[in-house]
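Below, each chain spelled out in residue letters.
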Amino acid sequence: MARLDALNMFQSDGTTEVLLAEEYGKLIENVFAGAVSTQLKNVDLSGDPMGGSVEAQRVLNSVSAAYGTARAAGAGVGIEANPVTVALDQHKEIINEAEMFDLERIGLPAFLQRKAANNKYAMIKELDTAFFTEAYQQGSKVTTTATTEIGKLEELILALETVDSDFVDGIGRDMMGLVLSPTQHSAVRLEIDELPAQDNFYMRGAIGVFHSVPVFVSNHLPKATGQVVDAMVMAFGSVAQPVAVKDYGINRIPLSTAVATELFYDYGTKAVTEDLIFYIGDAYSA
């Protein structure tokens, strides 16, 4: 497709590219603000997503030694870490068409705003679904013994809070996020406390706290038959999901007066700390 000339195709003031950049900026900002996965994912990544992959590092715990050990050895203990490579192997596009006859009547700004709003929800669904599917497949199911929904969620949180390994010695409740399905949220909504108005977790999309754990709600937890997740808890940064988005563009469709808005993006999703992800619901089976 040929790139449209903003100066003669839409308006004489040449603002088409400005409009594109403005709506593109709003679209990306709204996607990252609206996706629950954005609030939970690992952002401590090295490398350039545009290069096709990035790397996350998981650092092992340090161990105390007797005073003078490093001096006697002439060196301290090296930092040990397990690298996790995340490939951006999902290549997506969102392309919408419009006839020039219609576009000239509704106006370019209105058309772009409408498409950006639609594209936002499409991207949020794509990214959140991939994120929580990876967390589900790599995480562990908690078999609860409690008879109340409140008790089940507390057991779920406790499973993460008491993890003890070479990497962690327990996880603080302020370092984890609890994600509820809409149905589970409805069942316990009266037990969720409000966050202080100035709390940073509100800015990150949390709806409140449950037993000191920030709470998020998502309709994109696995919900296929035999794969229903009611609630999931994970340490922040347990899953990496780098996203590289190409510029928003308008192009002419050959042999017609129609045009298309084009948005292309690449992403990858991989668990970095799968031992810090727990859920209640149906167990994953490949």
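Attention in this report is confined to the structure presented alongside it.

Conventions used here
Residues numbered from 1 in each chain as written. Predicted model: local features only at pLDDT ≥ 70, side-chain atom pairs only at ≥ 80, totals over all residues. Heavy atoms only, no water. Helix = DSSP H or I, 4+ residues; strand = E, 2+ residues; numbered from the N terminus. Buried < 20%, exposed > 50% of the residue type's maximum accessible area, 1.4 Å probe, protein only. Areas by Shrake-Rupley, 256 points an atom, 1.4 Å probe, with all protein chains shown as cover. Core = buried A, V, L, I, M, F, W, Y, C linked by side-chain atoms within 4.5 Å. Pairing = 2+ DSSP bridges. Salt bridge = Lys/Arg side-chain N within 4 Å of Asp/Glu carboxyl O.

1. Some words on the overall build of the chain
Thinking step 1. Helix and strand content of the chain: nine helices and 17 strands.
Thinking step 2. Counting all 286 residues of the chain, 43% fall into the buried class.
Thinking step 3. Accessible area for the chain stands at about 15,000 Å²; split by element, carbon and sulfur atoms hold 51% of it.

2. Points about the nonpolar core
Thinking step 1. The biggest cluster of nonpolar side chains holds 27 residues, and the ones touching the most others in it are Leu108, Leu112, Met123, Val245, Leu263 and Tyr265.
Thinking step 2. Residue assignment for this core shows that the elements contributing at least two residues are helix H2 (16–34), strand E5 (90–99), helix H5 (100–106), helix H6 (108–138), strand E13 (243–245) and strand E15 (258–267).
Thinking step 3. The biggest single contributor to this core is H6, with eight residues.
Thinking step 4. In terms of nonpolar packing, the next biggest core, distinct from the first, is built from 23 residues, Leu160, Leu178, Leu180 and Ala235 among them.

3. Thoughts on unusual backbone geometry
Thinking step 1. Even without glycine at this site, His211 takes up a positive phi of about 50°.
Thinking step 2. Inspection of the secondary structure assignment puts His211 in the loop between strand E8 (208–210) and strand E9 (213–217).
Thinking step 3. Exposure remark for His211: the relative accessible area of 32% places this residue in the partly exposed category.
Thinking step 4. Even without glycine at this site, Ser212 takes up a positive phi of about 75°.
Thinking step 5. Positionally, Ser212 belongs in the loop between E8 and E9.

4. Quick notes on the pairing of E15
Thinking step 1. By the criterion of burial, E15 is predominantly enclosed, with nine of the ten residues buried.
Thinking step 2. With ten bridges joining them, E5 and E15 adopt antiparallel strand pairing. The partner of Gln90 across the bridge, within E15, is Tyr267.
Thinking step 3. As judged from the three bridges shared by E13 and E15, these two strands associate in the antiparallel manner. Bridge pairing in E15 places Ala244 opposite Asp266.
Thinking step 4. Pairing between strand E14 (residues 249–252) and E15: four bridges, direction antiparallel. Following the sheet pairing, Arg252 is matched in E15 by Val259.

5. Some details on the pattern of salt bridges
Thinking step 1. Summed over all chains, the structure comprises five salt bridges.
Thinking step 2. With its nearest N and O atoms 3.5 Å apart, the salt bridge here joins Glu126 to Lys92. Of this pair, Glu126 sits in helix H6 while Lys92 sits in strand E5, placing them 34 residues apart in sequence.
Thinking step 3. Take Glu126: its relative accessible area is 23%, and that puts it in the partly exposed class.
Thinking step 4. Here Arg173 and Glu161 are joined by a salt bridge, their closest N and O atoms 2.9 Å apart.

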